[in-house]
Every structure is written in structure tokens, then in C-alpha cells.
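One letter stands for each residue in the lines below.
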Amino acid sequence: MSQPAQLRVILADHDVRKVVLPSGIPETVEYLHSVIRDTFSIARDFSVHYKDVDFGEFFTLFSTTDLKDKDTIKVVFVQDQEPAITLTLTDVTNTDVTNMTMTDQPCEEHYVDDTASVSTDDTLILSSEDSPGHRSQRWPAKFSIPSFSSITEILIQSANERFQKNGTLLTTKDLIPLLPDILGKLAEAIYEYTAYPSSLQISEVAEALTQKHPCLKEPGSFNGSYGWAQRLKYKMNNFRSKLRGLGCPEVKVNSHKRKQPHDQYPANNLKKPKKAEVNYLPPHAQGETTASLEKERVELLTEMMKRDNGNVVAQKMAKTFSLRREEIVKEVPAISDCMKRWPALFTEAQINEEFKRITTVSLESTFLAKLDQCTPKLMTLTQSKGGAAGLKIRHIKDMLLEDNTVERRREIAIRCLIVYLGEKEEDLFKQYSDVEELDADLAIQVMKIAIIGDGRATIVIEGTKILQGIDVPRSCALLMGVIYALNLSYPKHLKFTFEAFQKLCLELDGQKASSKRLPFSSISVVSVCLSVVSQCCVNAPGPC
């Protein structure tokens, strides 16, 4: 198993840091780049250099095989220069930018990548990640109420002052003319995060509105905002209808015309985010069509055959993200078909990148760091379990007597959590003596982490090997990435386990409780997760 490693990172002449890699040195430079970027919150473009032992100087890092534990690496930012943009334009619509350089622009400038395009009115078209409809942030912990029109703000401010003086609320007569502006702005603000807000999220917005503007509270409501929540639900329905008319893909996919006859009812087979996805079905970038992106996909197949071509593959995978999501969400192809059309998606690096494109969260680094942070509390929590489940948990913990590595401790924490949640670890993990035994059993496996002999794991979905030769904890993280990338549902017999992975280890939608209680007690999965998280936050020096 790969051993944990740490690297000395030089960010500047007087800024030297340390980065801990729980899973050892990454296999690709691209993944190491993303870990450094996320760990130190680096927004600018940079390259990674390593200190060569023979020469004692820094060289550009092209392969992580040049690195070992406690080596020194250097973050080299793009060299500062005078802002310059060089464009070569032709009279053809949507031509490519043939020459473009832009580094360290003032804050009012936009960063443009080499996939940008130019329309006939000389407007710069950004890459898909900067296009309207591509979201860059998750639902906030505290919703910020937007500003309304000037007239609305003046009237509400006056009403707030009267409320502070004598507790007078805004009358219905005065409120009705303001409703279109208030609800319209709130709907637009909600859409920045999701087109399908949950009831809990709608309630959060309604409560935030009445907290910021107490004159809008409703008499007789148990929290003063129930009526606002109902108005917002109807407003979002109307807002989605307008978006559907404009061709917005994430709402257009649910129109009756695009459904099968047996799915004509709106609630039937509704395609919307169900696992806190941020970019569930994004639109194509401006200037791109399904045909142009299909051409990029075909080129991507060729690029995959070349050696040391990770950067080009990553760029094309990012560019074709909307086409890939359209295929996966709308057509629901078989895993084998996906692997033929998108082979790059089934590499460790691109599973991590795809997960981040969908959720804005770094997959492996978040999963493993959160698991390590919460393992002590998880072990204490599971220790209190009695009966047959308690005996099984103690048997699992005895595995530490044979192997007390970091990977083994993580694996045991995961196995104990599964048993504690009333599910069977055998439904997720299966031990095989050798590869031949796995191959003979492959066809009947729907979703499994196969552990072969020496402890190396293989992710199997629909009888197809997805990834091989990784340790068990990383395989759990990467399996979550595959589930999100292929828009798969959690297995029913492991629903609580995967929900815990999502809410506890990835911090996605952690405040929303499971709709079903655990079979053996009155506590829900989210109660367990929040209990663990709260204890971790008490003991942790930084944010949980």
C-alpha cells in the first residue's frame, strides 16, 4: 500500500509550507497540481518544479516518479508582464482566438483560456466554466438576500424603521405592488445555486428575508415566514417555466414533450440534482454546439493514445463537460458504452476533476482528510454498539493487530461505520484470492469494491472493472466520484453508507436528513453524521 508522504512547498522567497499527502505521492502531475492549488487556495495559474538531487537546482516537474517523501517542490507562478491581448479575427462567425496572452490582469479584466471564441460583435466568449449556467459555488451556509429595485428598497427601509419604533408590519395593500420585484430578485438569486431548491432551502431563503427585513414578517405564521416560503415555491415554478422556454437544459429535460408517455406526470422520472450536485446539466458554452463538442470528443480519443498528454486531455475533458452530462443524464448509457465514448473519464485524475466540476468539491483530498479527522469519534461511537453488530465491530477492529497503517485504520473506520448504520460490509466489499476468481465472478456484480489478496482494491460497476490497484479508502472516495460522474443512484442496501460518505466525508447537503429512519433505532444517518462532525469541530483547531 502507498505510504503517506509530505513535501516541502516553496510558495515564495519568504513563504515555505508543508503539504501532507495521506495517500502518498500522486500518480500524476495534474493531480498533485490540484492538491497544491486546493490546499493553499491558489487562484493564479502556476507550474510545479522539483529540486533535482544531482544538480541541486529546480527543474520543471513532468512526472511524479521524480518525487519521494520529504522532497522539495516549488510553485512557479506565470511571470508578471504588461497586460496584453492579441487577437486575430476573421469574418467567419465564431472563429477561434488564434493568439492570446493574458496574465495577472487588473481585477476588472477577465481571464480567458485558449478555448475562447470570438463572435461577430467582437465579444469574448469564455470557456464553459465561465459561461452562464455554469455554477462555481454550492448553496451557502447563510443565504444572502439580494438588493431590490431602488423604489422597493426605499419603501422597505421606511417600513423597517416603523417596525423598529412601534412594531408595525407592512400592510398587505402596500406589500402587493412590491411582490413581483421581491420574488423575482429572490428567484434569480436562488437560481445562482440551483434550479430545483428543496423545501429546506426555500425555507432558509424565506427566513433570511424576514430577518433582514422584519417588516415583512407575517402575523399568525409560526416563524413569520411560512407564507413567503409558499410564494417562493410558486415563483420558482414560474421561473423554471421561463427558463424552459429559453432552452435551459436542466429544466428543459423535464418538459412533457421530452418524456416518455408513461412519464408524462411532472413528478415521474424527474431529472434534477438529488445528491447536492451544483452543475447537474449545464448548458453548452457560447459558440459551441453538440456537433462541435462531438468533434472535440473524437479528437479526445486520439489524444488519449499519446504519452504525457495529460494537460491536453484535461482541457478537452473540461470543454466537453456539458456534452458528457447531456449524454449521461438524458440517455443513461451503459457503463461499457461510456467507457468506449469517454475513456478519459475512467482515470483517477479525471474522476477527481469531473467530481469537482459537478460539485465544486475536491474529491479525494476532502474525503480522506474528513475521514481522518472524524475517525477517532467514529471509533468511539461504534464502540458503544451492542449485540451482534457490536461483536462484528469488535472483530473488525481486531484487524488493527495485524496491520496498523494509515490505510488500514481508514478502512476499519469505514467498515465499522457500515455495520453501525445497520448495513452489511459484505455488500460493499468482497474478498478474492486472485484476479482469476474475480473475473469468474465479475458478471454478477452490480457495484462492488473487490479486494484481491494483498489488499489492493478494484472498483466494479455493472460487471465492468473501473479502476484497479488502489487501497480500500481511496477506492471508496473514487467510487463516490464514479457515482456522481455517471449519475448513478446509491444501492438500496447501502443507502445509509453512501449517504454518510456524502454528508460526512464530502460535506455535501449535510443538514438534510434522510427520509427514512434507521431500522434499528430512532436516529437518522444525518444525526450520526452531525454528531460526529460536532465532536470533531470541538477538538479541531480549524474549521471542521
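What counts, and where the lines are drawn
- Residues numbered from 1 in each chain as written.
- Predicted model: local features only at pLDDT ≥ 70, side-chain atom pairs only at ≥ 80, totals over all residues.
- Heavy atoms only, no water.
- Helix = DSSP H or I, 4+ residues; strand = E, 2+ residues; numbered from the N terminus.
- Buried < 20%, exposed > 50% of the residue type's maximum accessible area, 1.4 Å probe, protein only.
- Contact = heavy atoms within 4.5 Å.
- Areas by Shrake-Rupley, 256 points an atom, 1.4 Å probe, with all protein chains shown as cover.
- Core = buried A, V, L, I, M, F, W, Y, C linked by side-chain atoms within 4.5 Å.
- Phe/Tyr/Trp six-rings, centres within 6.5 Å; stacked < 30°, edge-to-face > 60°.
- Lys NZ or Arg CZ within 6 Å of the ring centre and 35° of its normal.
- Pairing = 2+ DSSP bridges.
- Salt bridge = Lys/Arg side-chain N within 4 Å of Asp/Glu carboxyl O.
- Axes fitted to C-alpha atoms, helices over the stretch in contact; angles between N-to-C directions.
- Parallel < 35°, antiparallel > 145°, perpendicular 65-115°, else oblique.
- Left-handed = near helix turned anticlockwise from the far one by under 90°.
- Nonpolar A, V, L, I, M, F, W, Y, C, P; charged D, E, K, R; others polar.
- Polar contact = N/O pair within 3.5 Å; in protein donor to acceptor, adjacent residues only side chain to side chain.

Visitor: Would you take a moment to explain the overall build of the chain for this structure?
Guide: A count of helical and extended segments in the chain gives 19 helices and 12 strands. Within the chain, the proportion of its 544 residues that are buried is 47%. Long-range pairs, those at least 24 residues apart, make up 57% of the contacts in the chain between residues at least 6 apart in sequence. Element-wise, carbon and sulfur atoms account for 53% of the exposed surface of the chain, whose accessible area totals about 27800 Å².

Visitor: What am I meant to see in the nonpolar core here?
Guide: General note: in soluble globular proteins, nonpolar side chains tend to be found buried as a group. Judged by nonpolar contacts, the single largest core of 69 residues is most densely connected at Phe-367 and Phe-498. Looking at this core element by element, the count peaks at 10 residues for helix α17 (residues 472–485). Other than its neighbours up to four places away in sequence, Phe-367 contacts Ile-414, Pro-473, Cys-476, Ala-477, Phe-501, Cys-505 and Leu-506. If you look at the next biggest cluster of nonpolar residues, it comprises 35 residues, including Ala-189, Tyr-191, Ala-208 and Met-236.

Visitor: Can you help me understand the packing of aromatic side chains in this one?
Guide: Geometrically, a pair of aromatic rings is defined through the distance of the ring centres and the angle of the planes. The full count for this structure, using the stated rule, is 12 aromatic pairs. Above the plane of the ring of Tyr-484 lies Lys-275, whose end atom (NZ or CZ) is 5.4 Å from the centre. When the ring centre of Tyr-490 is taken as origin, the NZ or CZ atom of Lys-275, which lies over that ring, is 5.8 Å away.

Visitor: Would you mind showing me how to read the pairing of strand β5 (residues 72–77) here?
Guide: Consecutive side chains of a regular strand alternate in pointing toward one face of the sheet and then the other. Alignment of strand β1 (residues 5–12) against β5, held across three bridges, turns out to be parallel. Each bridged residue has a counterpart across the sheet, and for Ile-10 the counterpart in β5 is Lys-74. In this structure, strand β3 (residues 46–51) lies alongside β5, joined through five bridges in antiparallel fashion. Each residue of the ladder has a partner; that of Tyr-50, found in β5, is Ile-73.

Visitor: Is there a simple way to think about the pairing of β3 in this case?
Guide: Across three bridges, β3 lies against strand β4 (residues 58–60) in antiparallel orientation. The residue bridging Tyr-50 from the neighbouring strand is Phe-59, located in β4. Counting the residues in the hairpin turn of β3 and β4 gives six residues, including Gly-56, whose phi is positive at 70°.

Visitor: Looking at this model, I keep getting lost on the pattern of salt bridges. Mind explaining?
Guide: Applying the stated criterion to the full structure yields 31 salt bridges. Close ionic contact of Glu-299 with Lys-316 constitutes a salt bridge, the shortest N to O distance being 3.0 Å. A residue pair is termed long-range when its members are at least 10 positions apart, and Glu-299 in helix α8 (residues 290–303) and Lys-316 in helix α9 (residues 310–319) qualify at 17 residues. Under the relative-accessibility criterion, Lys-316 is labelled buried at 13%. Through salt bridges that share partners, Glu-288, Glu-296, Glu-299, Lys-316 and Lys-319 make up one connected network.

Visitor: Quick question: what am I supposed to make of helix α1 (residues 29–39) here?
Guide: Since there are 3.6 residues in each turn of an α-helix, residues three or four apart along the chain are aligned in direction. Burial in α1 covers these residues: Val-29, Tyr-31, Leu-32, Ser-34, Val-35 and Ile-36. Each element contacted by the buried residues of α1 is listed here: β1, β2 (15–21), β3, β5, α12 (348–359) and α13 (363–383). Once α1 ends, the next one or two residues include Ser-41, with phi positive near 50°.

Visitor: Looking at this structure, I do not really get the packing of α13 against α17. What am I missing?
Guide: How two helices sit against one another is set out by the angle between their axes and by the gap between those axes. As a packed pair, α13 and α17 sit with axes 9 Å apart at the nearest point and diverge in direction by 130°. Regarding the angle of α13 to α17, the classification is oblique. Of the two elements, α13 crosses α17, and the hand of that crossing is right-handed. Contacts from Leu-363, Glu-364, Phe-367 and Leu-368 in α13 reach Pro-473, Arg-474, Cys-476, Ala-477, Leu-478 and Gly-481 in α17. Classifying every residue of the contact of α13 with α17 gives seven nonpolar, one polar and two charged.

Visitor: Looking at this model, I keep getting lost on the side chain of Asp-441. Mind explaining?
Guide: By the secondary structure assignment, Asp-441 is in helix α16 (residues 435–441). Only 2.4 Å separates the side chain of Asp-441 from the side chain of Tyr-432, close enough to count as a polar contact. Contacts of Asp-441, omitting those with residues within four sequence positions, involve Lys-430 and Tyr-432.

Visitor: Teacher, can you tell me more about the side chain of Glu-411 here?
Guide: Tracing the chain through its elements places Glu-411 in helix α15 (residues 406–420). Look past the residues within four positions of Glu-411 in its chain and what remains in contact with it is Met-399, Ile-451, Val-472 and Pro-473.

Visitor: Mind showing me how you'd approach the sheet that holds strand β12 (residues 464–470) here?
Guide: Pairing between sheet strands relies on hydrogen bonds along the backbone, with the strands arranged either parallel or antiparallel. Ordered in space as β9-β10-β11-β12, the four strands form an open sheet in which the pairing is mixed. The sheet is open, and its two borders are formed by β9 (429–432) and β12, each paired with just one other strand. Adjacent strand axes in the sheet meet at a mean angle of 25°, parallel and antiparallel pairs treated alike. Where β9 and strand β10 (residues 447–452) come together, four bridges link them in parallel fashion. When the sheet's bridge partners are listed, Tyr-432 is paired in β10 with Ile-452. Together, β9, β10, β11 (456–461) and β12 form the strand contacts of α17, whose direction differs from that of β11 by roughly 20°.

Visitor: Just to check I follow, could you spell out the sheet that holds β2 for this structure?
Guide: Read from one edge of the open sheet, five strands run β2-β1-β5-β3-β4, paired in mixed fashion. Unpaired on one side and paired on the other, β2 and β4 mark the two borders of the sheet. Taken over all neighbouring pairs, the strand axes of this sheet differ in orientation by 35° on average, direction set aside. Pairing of β1 with β2 involves seven bridges; the strand directions are antiparallel. From the neighbouring strand, Leu-7 faces β2, where its bridge partner is Val-19. Packing against the sheet, α1 makes contact with β1, β2, β3 and β5, and its axis sits at approximately 110° to β3.

Visitor: Teacher, can you tell me more about the packing of α1 against α12 here?
Guide: Running from N to C, α1 and α12 cross one another at 40°; their axes reach a closest spacing of 10 Å. Here α1 lies oblique to α12, going by the angle between them. The handedness of the crossing between α1 and α12 is left-handed. Two secondary-structure elements touch here, α1 through Tyr-31, Ser-34, Arg-37 and Asp-38 and α12 through Asn-352, Glu-353 and Lys-356. Its residues assigned to classes, the contact of α1 with α12 shows one nonpolar, two polar and four charged.

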